Amino acid sequence: MTETDNIVAETAERIFADLADAQTINHDKQGSWKAPLWQALAENGLALSWVPEDCDGSGTSMAEGFSVLSVAGRAGVSVPLAETMLAGWLLAQGKIKSPAGMMTVAPANTRDRLTLNGDGTISGRARGIPFAREAKHIAVVAGSSIALIDASACKIDAGLSLAGDHSDTVHLDKVKPTAIAKAPAGIDEKALLLMGALARSLQIAGALETMLSISVQYSGERVAFEKKISKFQAVQHNLAKLAGETSAALAAASSAADAFSHGAPIDDALFLEAAAAKIRCSEAAEKGAAIAHQVHGAIGFTQEHILHRYTLRALAWRDDFGSESYWAVELGKLVANLGADELWPLVASR
Amino acid sequence: MTAALRFDPIRLPPECEQLRKEVRAFLADEIAAGTFDPHRPVQEDADNREFSRRVGEKGWLGMTWPKKYGGHERSFLERYVVTEEMRVANAPVRRFFVADRQSGPVLLKYAPEHIKMDILPRICRGEICFSIGMSEPNSGSDLFAAKTKATKTDGGFLINGSKIWTTSAHIADYMIAIFRTSPPTKENRRHGLTQFLVNMKTPGIKVNPIDQITGQQEFNEVVFTDAFIPDDHMLGEIDGAWKQATSELAYERSGPERFLETYYTLTELVRAVGPEPDTRSAEGIGRLVAQLHTMRRMSVSVAGMLQAGKEPVVEASIVKDIGTVWEQQLPHRVRELAAFVDDNASNHATLDEMLDFAIKTAPKLTIQGGTTEVLRGIIARGLGLR
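Residues numbered from 1 in each chain as written. Chains lettered and ligands numbered in written order. Predicted model: local features only at pLDDT ≥ 70, side-chain atom pairs only at ≥ 80, totals over all residues. Heavy atoms only, no water.

In the annotation of an unreviewed UniProt entry, the entry for chain B reads Acyl-CoA dehydrogenase, and the organism field reads Tardiphaga alba. Its UniProt record gives chain B the following Cofactor (unreviewed entry) comment, quoted word for word: "FAD". (UniProt positions renumbered as here; feature names shortened; annotations may be inferred.)

Identification of chain A as Acyl-CoA dehydrogenase from Tardiphaga alba is taken from an unreviewed UniProt entry. According to UniProt, the comment filed for chain A under the heading Sequence similarities (unreviewed entry) is "Belongs to the acyl-CoA dehydrogenase family." UniProt lists a comment for chain A under the heading Cofactor (unreviewed entry), and it reads "FAD".

This is how it looks when you write it as structure tokens:
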């Protein structure tokens, strides 16, 4: 595992190691591990990492918050940590205090829009909202406003992601927000999508780190044709490719996180960083999951093995906050619009 | 547990931005003066020799080396900027690139002082060209199999045998080569190879050109018949070149030249597509740009680690592996996307011509500097698999 650079990430590492042990979770069909894990994450202020202290958060830096998401990705568990962090971040942009408890954000699908009505209520439909059924509150962008919505005021249609996590459709029918504020310049649906895409990129890269680690470990345990499979050159080359995909995902996600940590406005260069991270991490998820399953053979295809927790989540996370094809089209349009001779200056600008 | 992979988000420091501007201005002047055409990767007629001298005058050769050898004591990251700007512009770097990237650092580390004082300043002035003699017929990436012999004689060694795939040997002033000085031992099959500095004007050396499938001629076969190399031209330890040669290869890996070789096809695609792409073109371009950006961030990250004095062997091998696979696939992806670009677009002919060349070049990209298979072996070792 990657060494951690800061005490916030170390705290997250320790909590996930203590309370989200992969084997235990896999065998606990009731999900009784969830409550203590969430409680520890909340009590240690990780869920509200990006909320300043004057908005009732823990005032962690952007960079430290991003490192928490990498740790969460490596743990690969179904808990709305990234979503609550994103909600807290969004609310803080409007100087709205974050309530306690699980939160999520909307819209998370590139084709959905929420509308702020003349009477101050909000309407619309938001699909693919992670953990909407578990969240007490939803932070939303509607027009040029940021609002805090009580989840119980919405109609929620249950759905599941590829990994079996809650991914719900939220209907807002003239819902009166608990709090509402004008969004500052630059904070809109696209900014929320970009932040969400970046969060998912870090989680995917983290999941790939675990996929690589458990695949390497398994290849040293499994014996076939009287040899450890790690001694077969074909297996070694597959694992080298998995290391390559993991590296690409790590580099793209940590570069984008670093870029966003400096608080600059979202310009073309920053857009390139976040869009490229989601595109490249999603591609790595596809290639990496295939290799990890290949190395594990049939055992990795079973519910009882832990592999699917990381592979399916990495694949599912591709769909949230804009898929790789969506961001590729957006990035391609930007590049074409800037023109051929501006491509290299854009890439080399940082 | 797996070796931790690190790709820290290194940013180029501000002095690099100023340098980048200077390099771009220099290259624009050279293009305006007709030294080379940035839209033509085939640079047969480019004025390499004079261009090389002018790059030396700018202080962009031997950038990281000590001043007493003509170097400039600048950072790896500054050198990185110069390399990427030269590559992206399709500048004719052939005459100086190997000496600057690889041969100079080897001499710095292993050559006697009087040789360093003689040769390094000339590399820095862009006056001399180097080639590398590692592969032999039937050996290639398998250095253990090298057979060409250096036999001890009065005051030096006599070389007999041949080297192959030596890029630029036909224009090179010097070659750094490995020769067999004794047989491998049972305990150490890596034993018995020694590294030498070879003056290409030495009697007994014959260079036979090998034409490439691109129609260009860069490769050569070099035949040695009783060619004499003086004792002080031996580099490092006798019989101990294995480690030296592999550390030399580390300079060959992970740099911008390892993912930018076919970059020009992407620029020309963007040019041919124009400002309002259809969805298919936009998505294709977007993915390629995301992959390019990621490669570059990985490569800068490794350069930053080298600058910090670390030895990112696995990370460098990963960058070379996925970088060369990427630059090999790039012209093919561009070709697919170009199929839907209007044939009458005025710049389509340029794109076609460039694609033709890039697709012909592509097969070699995953071979030079250590094949993909060899690199994946190194990565596997780094993962603790062997």
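Caption draft 1: Looking closely at the overall build of chain A. Helix and strand counts for chain A come out as eleven helices and ten strands. For 350 residues, the compact-globule estimate of 2.2 N^0.38 gives 20 Å, and chain A sits close to it at 20 Å. Overall, chain A is about 75 × 55 × 35 Å in size when its C-alpha atoms are taken along their principal axes. A burial count over chain A gives 62% of its 350 residues as buried. When contacts within chain A are restricted to residue pairs at least 6 apart in sequence, those whose partners lie at least 24 apart make up 72%. Of the accessible surface of chain A, which amounts to about 13,200 Å², a share of 52% is contributed by carbon and sulfur atoms. In chain A, 31 side chains carry a positive charge and 40 a negative one; their mean positions are 5 Å apart. (Helix = DSSP H or I, 4+ residues; strand = E, 2+ residues; numbered from the N terminus. Rg over C-alpha atoms; globule rule 2.2 N^0.38 Å. Buried < 20%, exposed > 50% of the residue type's maximum accessible area, 1.4 Å probe, protein only. Contact = heavy atoms within 4.5 Å. Areas by Shrake-Rupley, 256 points an atom, 1.4 Å probe, with all protein chains shown as cover. Lys, Arg positive; Asp, Glu negative; His and termini not counted. Charge placed at Lys NZ, Arg CZ, Asp CG, Glu CD.)

Caption draft 2: A look at the packing of helix 1 (residues 7-19) of chain A against helix 3 (residues 34-43) of chain A. Residues and elements named next belong to chain A. Helix 3 packs onto helix 1 with a crossing angle of 165 degrees between their chain directions and a minimal axis gap of 10 Å. As summarised for this structure, helix 1 and helix 3 are arranged roughly antiparallel, according to the angle between their axes. Seen from above, helix 1 lies across helix 3 with right-handed handedness. Contacts between helix 1 and helix 3 involve Ile-15, Phe-16 and Leu-19 from the former and Pro-36, Leu-37, Ala-40 and Leu-41 from the latter. Along the lines of polarity and charge, the residues of the contact of helix 1 with helix 3 split into seven nonpolar, no polar and no charged. (Axes fitted to C-alpha atoms, helices over the stretch in contact; angles between N-to-C directions. Parallel < 35°, antiparallel > 145°, perpendicular 65-115°, else oblique. Left-handed = near helix turned anticlockwise from the far one by under 90°. Nonpolar A, V, L, I, M, F, W, Y, C, P; charged D, E, K, R; others polar.)

Caption draft 3: Molecular detail of a positive patch on the surface. A contiguous patch of positive charge, built from Lys-228 and Lys-231 of chain A together with Arg-189, Arg-190, Arg-381 and Arg-386 of chain B, is present on the exposed surface. Along the chain, Lys-231 of chain A falls in the loop between strand 10 (227-228) and helix 7 (233-261). The partly exposed category is assigned to Lys-231 of chain A, whose relative accessible area is 42%. (Patch = residues over 30% accessible without salt bridge, like charges linked within 9 Å, V, L, I, M, F, W, Y side chains within 5 Å. Salt bridge = Lys/Arg side-chain N within 4 Å of Asp/Glu carboxyl O.)

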